[in-house]
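# Geometric and topological summary
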Amino acid sequence: MTGAEFALLSLTVGVGAVLQVSVGFGLGMIAAPVFSLVDPTLAPSVVLLLAAGVTAAVLARERGAADLRGCGWALVGRVPGAAAGALLVVVLPAKYLALLIAGVVLTGVAVSAAGYVPRARRSSVFLAGMASGLMGTATSIGGPPMAMVWQRLSGPRLRATMSAFFLAGSVMSLVALAAAGAVGAHTLQRTVLLAPAAVAGVLLAGPLTRRLNARHTRTAAMALAVAGAAGLVAQQLRPWEA
């Protein structure tokens, strides 16, 4: 990893952590495409490890606001989703996994922009948890399904509920990835190197959250995610065009 690459990844993690703390998700959507551009071996494991730390910080700050009953049904769905996602990481070549990451980002943004608001019934929360487990384990981007099904929740309740789900869900995904041999010394080393950027993002998010407009922040997160996904697609398709 060059100095420029490390600076880019650190900036991405810092911005993603600010968004994760502010709106309840965003680190995976922004970081996964950039990490895949720089080093495909960093996604999804390193992103999941960093996201777990950030969500733990959010949950510690707003733990009393979490909807634990809703989290329970979502986590039940996450179990089979995580197993399927780990299988995809093992089976898919790096190029196709990168394109899957880009596709998940673009689909999540498109559905969010369309304004689809499902009712948070037990069945829909379970299915969203399953989709989040599959997407989160394979690509480290498990936020969109849960953000859609829980978007009627208030700011603190949304952030706390999402964080409780993602902390437990990230652990599930990492266990599944470790069992599949996708978490090793390289993963842990890169996570330690980038952890200070995540800490900086969490610390900055405190004073910034009170000043940021939630709607504008979500729009900015989506725009950054689309830019990263578009760059990832361009990188992966270029050899095929040659």
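Residues numbered from 1 in each chain as written. Predicted model: local features only at pLDDT ≥ 70, side-chain atom pairs only at ≥ 80, totals over all residues. Heavy atoms only, no water.

Helix and strand counts for the protein chain come out as 10 helices and 0 strands. When the helices and strands of the protein chain are placed in sequence order, the string is α-α-α-α-α-α-α-α-α-α. In the protein chain, 84% of the contacts between residues at least 6 apart in sequence involve partners at least 24 apart. Within the structure as shown, the protein chain displays about 10,800 Å² of accessible surface, and the carbon and sulfur contribution to it stands at 68%. (Helix = DSSP H or I, 4+ residues; strand = E, 2+ residues; numbered from the N terminus. Contact = heavy atoms within 4.5 Å. Areas by Shrake-Rupley, 256 points an atom, 1.4 Å probe, with all protein chains shown as cover.)

Under the counting rule described, the total for this entry stands at 1 aromatic pair. Ring geometry for phenylalanine 165 against phenylalanine 166: centres 5.2 Å apart, planes inclined by 65°, an arrangement best described as edge-to-face. A relative accessible area of 0% places phenylalanine 165 in the buried class. (Phe/Tyr/Trp six-rings, centres within 6.5 Å; stacked < 30°, edge-to-face > 60°. Buried < 20%, exposed > 50% of the residue type's maximum accessible area, 1.4 Å probe, protein only.)

Look at helix α4 (residues 68-91) against helix α8 (residues 155-179): their axes get within 9 Å of each other, and the N-to-C directions meet at 35°. Relative to α8, the crossing made by α4 is right-handed. Between α4 and α8, the contacting residues are Cys71, Ala74, Leu75, Arg78, Val79, Ala82, Ala86 and Val89 on the first element and Thr161, Ala164, Phe165, Phe166, Ala168, Gly169, Ser170, Met172, Ser173, Ala176 and Leu177 on the second. (Axes fitted to C-alpha atoms, helices over the stretch in contact; angles between N-to-C directions. Left-handed = near helix turned anticlockwise from the far one by under 90°.)

Let us now look at the side chain of aspartate 39. The residue aspartate 39 is located in the loop between α2 (27-38) and α3 (45-62) in this model. For the buried residue aspartate 39, which engages in no salt bridge, the nearest side chain bearing the opposite charge is arginine 190, 4.9 Å off. In terms of polar contacts, aspartate 39 uses its side chain to reach the side chain of histidine 186, at 3.4 Å. (Lys, Arg positive; Asp, Glu negative; His and termini not counted. Salt bridge = Lys/Arg side-chain N within 4 Å of Asp/Glu carboxyl O. Polar contact = N/O pair within 3.5 Å; in protein donor to acceptor, adjacent residues only side chain to side chain.)

Moving on: a nonpolar patch on the surface. Residues Met1, Phe6 and Leu193 make up a contiguous nonpolar surface patch of about 250 Å² in total accessible area. Note that leucine 193 resides in helix α9 (residues 185-209). What makes leucine 193 partly exposed here is its relative accessible area of 42%. (Patch = residues over 30% accessible without salt bridge, like charges linked within 9 Å, V, L, I, M, F, W, Y side chains within 5 Å.)

Helical geometry: 3.6 residues make up each α-helical turn, so side chains three or four residues apart lie on a common side. Along its 21 residues, helix α1 (residues 3-23) runs 30 Å from first to last C-alpha, staying within 8% of the 30 Å computed at 1.5 Å per residue. A positive backbone phi angle near 100° is found at glycine 24, which sits one or two residues after α1. (Expected span 1.5 Å × (residues − 1).)

Let us look at the nonpolar core. The biggest cluster of nonpolar side chains holds 50 residues, and the ones touching the most others in it are Phe35, Leu50, Met146, Trp150, Met162 and Phe165. When residues in this core are grouped by element, the largest group, 7 residues, is from α3. Residues contacting tryptophan 150, with those up to four places away along its chain left out, are Gly70, Cys71, Ala74, Val125, Leu158, Thr161, Met162 and Phe165. Counting 7 residues, the second largest nonpolar core, distinct from the first, contains Leu48, Val89, Ala176 and Leu177. (Core = buried A, V, L, I, M, F, W, Y, C linked by side-chain atoms within 4.5 Å.)

Our focus in this paragraph is the confidence of the model for the protein chain. With 86% of its residues at a pLDDT of 70 or more, the protein chain has an overall mean of 81. For the protein chain, per-element mean pLDDT is lowest for helix α10 (residues 214-241), which scores 65, and highest for α1, which scores 89. (pLDDT = per-residue confidence, 0-100.)

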